[in-house]
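# Coordinates in review
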Amino acid sequence: MMTVTSRSTAGPLTVLVSTRAVLTLPDDSLVLSPATISVSPVTGKIIAIVPTVLPKTSFPLSATYINYGSKLLLPGLVDAHVHLNEPGRTEWEGFSTGTRAAASGGVTTVVDMPLNAIPPTTTLAGFKEKLAASQGQCWVDVGFYGGVIPGNAEELLPLVEAGVRGFKGFLIESGVEEFPAISSNDIATAMKTLNGTPTTLMFHAEMIPPIADSVGDAVQASEPPLAPHGELKSYQTFLESRPPSFETYAIDEIVSLAHLAPSLHLHIVHLSATQAIPILKAARRSGVDITAETCFHYLGLAAEGVEDGDCRYKCCPPIREQLNQDGLWEELTAPDSCIKTVVSDHSPCTPELKLLPPHLQAVEAPHMHHSDSGIDMTADLARTKEEKLGRLPVVRVEEEQVAKEVGDFFAAWGGISSVGLGLPILYTSAKKRALAGSKSTPGVLDIVRLCCAATAKQVGLSHRKGALKVGMDADICVFDDTEEWVLHSAGMHWKNRCSPWEGHRFAGRVKETWVRGRKVFEYGGINGGFVSGKPLGEAITEKRFA
């Protein structure tokens, strides 16, 4: 292998060595190799890489030299789908807690979704408010997406200029009123506005097909899905309420409009249904620039393992059956794969909103309604408002009614907390599949491709992030693939310790995380592991050029 070096610079020097590192070669291919990586804590850049283990005596006495033995040195992960919810819903999550969780799992860059903060990032003013809220709180670097909602087309290009990494719109109701769904006309307008711009237009791709077990024309207006047929605490009932056809119909709609933006990257977020894969591949073959991501929970969890009433598993699109999961894994390693990235879609809320049964969560479940999925609660919301205004007598909710809501998949908030868990989830799940004889098993190089290199490219940061290469940000994850551990509540670093991953056994643990040449996390270290003592992350607002 070619030796990759850079002219040494004066000043402090940190040298990290291991017999196993995933390096990026000049042609952007990946290789597992011994490595000596020299970084500047001043510039935050990788200044030299030698594909062998050099001894400490090769460096000045003043250099900080760390030999990790055979632990894996990986590029810091770039999680391109995270909801940090600040400002506005900081009881759900925030910049500080969300980025600490990221750092604990080797994630050195997160990209924040335009919802569920209040205000959402759908205007330049809203973006500025979010940036102000982030100041001094980020333990890793944070990029930002803008949002596409009805009527905000004039805000899109100013947001591009301000440095957002891409845009997201919902083809079905998002669950929060400040981020409404977009119509085909809205999609067309956004495509025309952004065509030729170095950005990515992303879609939550679920739509209610026009022919359904129907309430007539109301379906055409993107009303929430129909009242479910079955027990509301049954996961099967919930799964059947968001069938694969919701995803395939939405993706068909997006592809049908793609001719309006031949010079725009289109992207499907959190792809769940494998039935959509042939549609995406056909579109790509015909020249449409469209890709997809899937999520750690779709690859590590399956519907067969969800107990009735355990709403920790609720997300939209839903976690589908094992057979569907197998298909996602196969696509990850397919030579012509349309799934280019794997992300967390960390979408937390307070435990109360998950309506967990007592044996799962010692939190009193409030009486609440929203239209996240399944049932249109508009009338109930309107009545509650009238009650508050004193126009209607307050209806006291009987304990029996509250009890009915506990474990109700349709009333619970949809979203899974997992930022910082992605590497052990993928590594563990792939290892299990390999032991079971599966041929479609990504290795560590594939994981780096899917979670570092390709996610950095997706958000226009591949000139800085996602690779161990000279000149790149010295974002480094130290991963011990031999350690086994169980996730307990105390090991969760996000704000609300509620996740379906609790109790799962993982193979591989992140031992250290370095952000731009400075160690921010060390498992077992001082300050709960957050050894830098203060947040060192930055908001990424550089304008995107690729």
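Residues numbered from 1 in each chain as written. Predicted model: local features only at pLDDT ≥ 70, side-chain atom pairs only at ≥ 80, totals over all residues. Heavy atoms only, no water.

Further remarks concern the pattern of salt bridges. Close approach of charged atoms allows side chains with opposite charge to pair. One pass over the full model with this rule turns up 27 salt bridges. Asp310 is the partner of Arg312 in a salt bridge, and the nearest nitrogen-oxygen pair spans 2.9 Å. We classify Asp310 as buried; its relative accessible area is 3%. Here the residues in one salt-bridge network are Lys45, Asp141, Arg464, Lys465, Asp473, Asp475, Arg516, Glu538 and Glu542, joined through shared partners. (Salt bridge = Lys/Arg side-chain N within 4 Å of Asp/Glu carboxyl O. Buried < 20%, exposed > 50% of the residue type's maximum accessible area, 1.4 Å probe, protein only.)

The sheet built from three strands is open, its strands ordered S6-S7-S8 with parallel pairing. Of all strands in the sheet, those bounded by a partner on one side alone are strand S6 (77–82) and strand S8 (141–144). Between one strand axis and the next, the sheet turns through 25 degrees on average, direction left out of account. Two strands pair when backbone bridges link them, and strand S7 (residues 107–112) and S8 are joined in this way by four bridges, in the parallel orientation. When the sheet's bridge partners are listed, Asp112 is paired in S8 with Phe144. (Pairing = 2+ DSSP bridges. Helix = DSSP H or I, 4+ residues; strand = E, 2+ residues; numbered from the N terminus. Axes fitted to C-alpha atoms, helices over the stretch in contact; angles between N-to-C directions.)

The sheet built from six strands is open, its strands ordered S9-S10-S11-S12-S13-S14 with parallel pairing. Across the chains shown, the open sheet's two edge strands, defined by having one partner strand only, are strand S9 (146–147) and strand S14 (339–343). Inspection of the sheet shows strand S13 (residues 290–295) paired to S14 by four bridges, in the parallel sense. The residue of S14 that forms the bridge with Ala292 is Ile339. Packing of helix H9 (residues 322–332) onto the sheet brings it into contact with S13 and S14, and relative to S14 it is tilted by some 120 degrees. (Contact = heavy atoms within 4.5 Å.)

Moving on: H9. Asn324, Gln325, Gly327, Leu328, Trp329, Glu331 and Leu332 are the residues of H9 that are buried. Looking at the packing, one finds that the buried side of H9 touches helix H7 (277–285), S13, helix H8 (296–300), S14, helix H12 (422–435) and helix H13 (444–458).

Of note, Gly94 is situated in the loop between S6 and helix H1 (95–104). Accessibility expressed as a relative area gives 3% for Gly94, which makes it buried. Through-space distance from the C-alpha of Gly94 to that of Cys138 is 9.4 Å; in sequence the pair is 44 residues apart. Sequence-distant contacts of Gly94, defined by excluding residues within four places in its chain, comprise Leu84, Glu86, Thr99 and Lys495.

Another aspect to go through is the pairing of strand S15 (residues 476–486). Two strands pair when backbone bridges link them, and strand S5 (residues 72–75) and S15 are joined in this way by four bridges, in the antiparallel orientation. By the bridge assignment, Leu72 is partnered in S15 with Phe479. Inspection of the sheet shows S15 paired to strand S16 (residues 505–515) by eight bridges, in the antiparallel sense. Residue pairing in the sheet places Asp480 in a bridge with Arg509 of S16.

Quantified by volume, the largest pocket comes out at close to 830 Å³. Lining the largest pocket are 36 residues, with Ala453, Ala454, Lys457, Gln458 and Ser462 positioned closest to its centre. Of all the elements, H13 adds the most residues to the lining of the largest pocket, at six residues. (1 Å grid on protein atoms, 1.4 Å probe; cavity = no way out; pocket = protein on both sides within 12 Å on 5 of 7 lines; lining within 4 Å. Points joined across faces, edges and corners; volume = space filled by probe spheres on them.)

Turning our attention to unusual backbone geometry. Following Glu86, the chain continues to Pro87 via a peptide bond in cis, the omega torsion being 0 degrees. In this fold, Pro87 is placed in the loop between S6 and H1. Look at the link from Cys316 to Pro317: it is a cis peptide, with omega at -5 degrees. The phi torsion at Asp345 lies on the positive side, around 45 degrees, for a residue other than glycine.

Take the environment of Gly327 next. Tracing the backbone shows Gly327 in helix H9. As a C-alpha pair, Gly327 and Ile277 span 50 residues in sequence and 9.4 Å in three-dimensional space. In this view, Gly327 contacts Thr274 and Ile277; residues no more than four positions away in its chain are not counted.

Residues of the chain with pLDDT of at least 70 account for 87%, and the chain-wide mean is 89. Per-residue pLDDT stays below 50 along residues 1–8; that stretch engages in 22 contacts with residues further than four places along the chain or on separate chains. (pLDDT = per-residue confidence, 0-100.)

This paragraph deals with the packing of aromatic side chains. If you walk through the whole model with that rule in mind, you get 14 aromatic pairs. Look at Trp92 and Trp413: their rings are 4.9 Å apart centre to centre, the planes differ by 55 degrees, and that puts the pair in the tilted class. On the criterion of sequence distance, the pair formed by Trp92 in the loop between S6 and H1 and Trp413 in the loop between helix H11 (399–405) and H12 is long-range, its members being 321 residues apart. As far as the burial class goes, Trp92 and Trp413 line up, both buried. Where Tyr235 meets Phe409, the ring centres are 5.3 Å apart and the plane angle is 70 degrees; that geometry is what we call edge-to-face. Here the residue Tyr235 occupies a position in helix H5 (residues 235–241), and Phe409 occupies one in the loop between H11 and H12, the gap between them amounting to 174 residues. Relative accessible area serves as the criterion here: at 0%, Phe409 is assigned to the buried category. Seen from the ring of Trp139, Arg100 lies directly overhead, with NZ or CZ sitting 5.0 Å from the centre. We note Arg100 situated over the ring of Phe530; from NZ or CZ to the ring centre the distance is 4.0 Å. (Phe/Tyr/Trp six-rings, centres within 6.5 Å; stacked < 30°, edge-to-face > 60°. Lys NZ or Arg CZ within 6 Å of the ring centre and 35° of its normal.)

This paragraph deals with the packing of helix H3 (residues 153–162) against helix H4 (residues 184–194). Orientation of H3 relative to H4, taken along the N-to-C sense of each, is 35 degrees, at an axis distance of 10 Å. Like other packed secondary-structure pairs, H3 and H4 cross with a definite hand, here right-handed. Facing H3, whose interface residues are Ala153, Leu156, Leu157 and Val160, H4 presents Thr189, Ala190, Thr193 and Leu194. Considering only residue class, the contact of H3 with H4 consists of six nonpolar, two polar and no charged. (Left-handed = near helix turned anticlockwise from the far one by under 90°. Nonpolar A, V, L, I, M, F, W, Y, C, P; charged D, E, K, R; others polar.)

Counted according to the given criterion, the structure contains four cavities of 30 Å³ or more. When its volume is computed, the largest cavity comes out at roughly 220 Å³. Considering the residues around the largest cavity, the lining is formed by 22 residues, among which Phe170, His204, Cys316, Ser347 and Gly414 are closest to the centre. Taken together, the residues that form the lining of the largest cavity break down as seven nonpolar, ten polar and five charged.

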